[in-house]
Amino acid sequence: MIRSLRLFGLPVSRFSTSSLMGRERKRFVIKEMTDEEYETDMQQPRNKKKTNQTNKRPRKEIVPEQIEVEQEIAVEKTYHDLKFEKVTNSNASDSFGKLIRSMSKENFRKTNKLLLVSGVDAVKKAMELNDLVKSLYFSSHSVLKNFPLDNLETLKLCHVPPHIINQYQGIIEMPVSALITTPNTETNKLIRKKTAHEITQLKRTNPLPITVLCCDVTDASELGKIIKSAAVMDCEKVMTLKRCGDVWSYQTLKSAQNKQLEIEVIPGLDWNLLQDKFNFSKFTLLVVNMENSETKNELHTELKEEMSAVTAATTAATTAAEGKEIHTRLFSDMEWDVSSKYLLMINNSNTRNFRNFVQETKFKQIVNLKLNVDDVTIQTDVILFDAMNKLSKMPDGHHH
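Here the structure is a predicted model, which is why all the values come from computation and not from measurement.

Taken residue by residue, the chain gives an average pLDDT of 78. The fraction at 70 or more is 71%. In the model, residues 292-300 has pLDDT below 50 throughout and makes 17 contacts with residues more than four positions away in sequence or in other chains. Across residues 306-323, where pLDDT falls below 50, the model places 19 contacts with residues more than four positions away in sequence or in other chains.

Encoded structure:
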């Protein structure tokens, strides 16, 4: 016998299935059952809670990767909180535009002792050199994460949109550039100290005992490459004469990949100042392809004649000690000495000043290196590599 199901004391005939299920679809299930099934169902406990612990939802654990992400987000928020100025189309022609245009002029840079360096690595190097950096220009906040937050808080920060930077191509580059003070004597001392520390800590090759002197290297690209080679091979310093190009120009910095911040650079020297300021008595002067032209042959002949006159009165040893004898040899036959110092003259020209410098300056000896190439950058690379290769093989020399 089928028993009618009643809910809340109401007969089934007056019960609306659709309305009830519409209100509580998940709670009520209407079904027909026999008396036995009904009695059994009524004896079952209602709303029984699950006691099986395995059915509990597992607790979400924080993995290390999530912690790192949260920390990174926090760092980003900190960097975003830095105060900065923003260059817009309306104010680009004001102070920012005037400054950047002025930085393209050598006289302005020399008078104010300022220069621009571009790139993350270059700005990092500048930040390591005391208070060299004055202002920082960036195109996106993300690039700021490459620099210590403490350093950024003390600088003048300026956000420059890319479309404005494009107006000053050839002067400043993004994603980041810095306005810095031109390195001086104190900065050069710090550069030497940091270079020596890096050599010790990173076990790089010991410094080459070579000072590179650039004469009449007017091309900015060539001058930059020479500075870069001297810095990469850990030469002692680079000196340039007045007729050379500007070592701090945009083109030279770009060609050198800003290596001016990694080696001592002394620019704009005068021939007389070169003789008075530096003592070259313990240096070997290296001149490249001095006999390649008629004028250089004349100089070679003059010095040879002077050497012969001195030799007539004294011994050959005395002549060599006075620095008047010129030894001509192939660059590959050059005998490098780890205990000696060398002055490598690049792009020497037979001017009166050059002749006076060679004749009046006391050197340990003078060597004319023969090299079958005229490109001054290749000459520099070949000679420096030959020196590094030979000195590294000496017992008390360089170690790789």
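If you check which residues of helix 6 (residues 120-127) are buried, you get Ala122, Val123, Ala126 and Met127. The buried residues of helix 6 occupy one face: seen down the axis, they fall within an arc of 135°.

Moving on, we get to the packing of aromatic side chains. On inspection of all chains with the given rule, the structure shows eleven aromatic pairs. Measuring from ring centre to ring centre gives 6.4 Å for Trp271 and Phe354, while their planes differ by 65°; the resulting arrangement is edge-to-face. You can see Trp271 sitting in helix 12 (residues 271-277) and its partner Phe354 sitting in helix 15 (residues 352-360), a full 83 residues away along the chain. The same class applies to Trp271 as to Phe354, namely buried.

That bond from Met174 to Pro175 is cis: its omega, 20°, falls within 30 degrees of zero. Its location among the elements puts Pro175 in the loop between helix 8 (162-165) and strand 5 (176-181). Although it is not a glycine, Lys113 sits at a positive phi angle of roughly 55°. You can see Lys113 is positioned in the loop between helix 5 (106-112) and strand 2 (114-118). Taking relative accessible area as the criterion, Lys113 reaches 55% and is therefore assigned exposed. Of note in this structure, Gln257 is not a glycine but carries a positive phi near 55°. Mapped onto the fold, Gln257 is located in the loop between helix 11 (250-256) and strand 8 (264-269). Of the residues examined, Gln257 reaches a relative accessible area of 48% and is grouped as partly exposed.

What follows deals with the pattern of salt bridges. One pass over the structure, following the stated rule, counts ten salt bridges. Of the charged contacts, one joins Glu106 and Lys110 as a salt bridge, the two residues approaching to 2.9 Å between their closest N and O atoms. Of this pair, Glu106 and Lys110 both sit in helix 5, separated by four residues, roughly a single helical turn. What makes Glu106 partly exposed here is its relative accessible area of 34%. Here Glu264 and Arg192 are joined by a salt bridge, their closest N and O atoms 2.5 Å apart. Of this pair, Glu264 sits in strand 8 while Arg192 sits in helix 9 (residues 185-202), and the two are 72 residues apart along the sequence. Overall, the relative accessible area of 8% leaves Glu264 in the buried class.

Each value, and the rule that gives it
- Residues numbered from 1 in each chain as written.
- Predicted model: local features only at pLDDT ≥ 70, side-chain atom pairs only at ≥ 80, totals over all residues.
- Heavy atoms only, no water.
- pLDDT = per-residue confidence, 0-100.
- Contact = heavy atoms within 4.5 Å.
- Buried < 20%, exposed > 50% of the residue type's maximum accessible area, 1.4 Å probe, protein only.
- Helix = DSSP H or I, 4+ residues; strand = E, 2+ residues; numbered from the N terminus.
- Arc of directions from axis to C-beta.
- Phe/Tyr/Trp six-rings, centres within 6.5 Å; stacked < 30°, edge-to-face > 60°.
- Salt bridge = Lys/Arg side-chain N within 4 Å of Asp/Glu carboxyl O.

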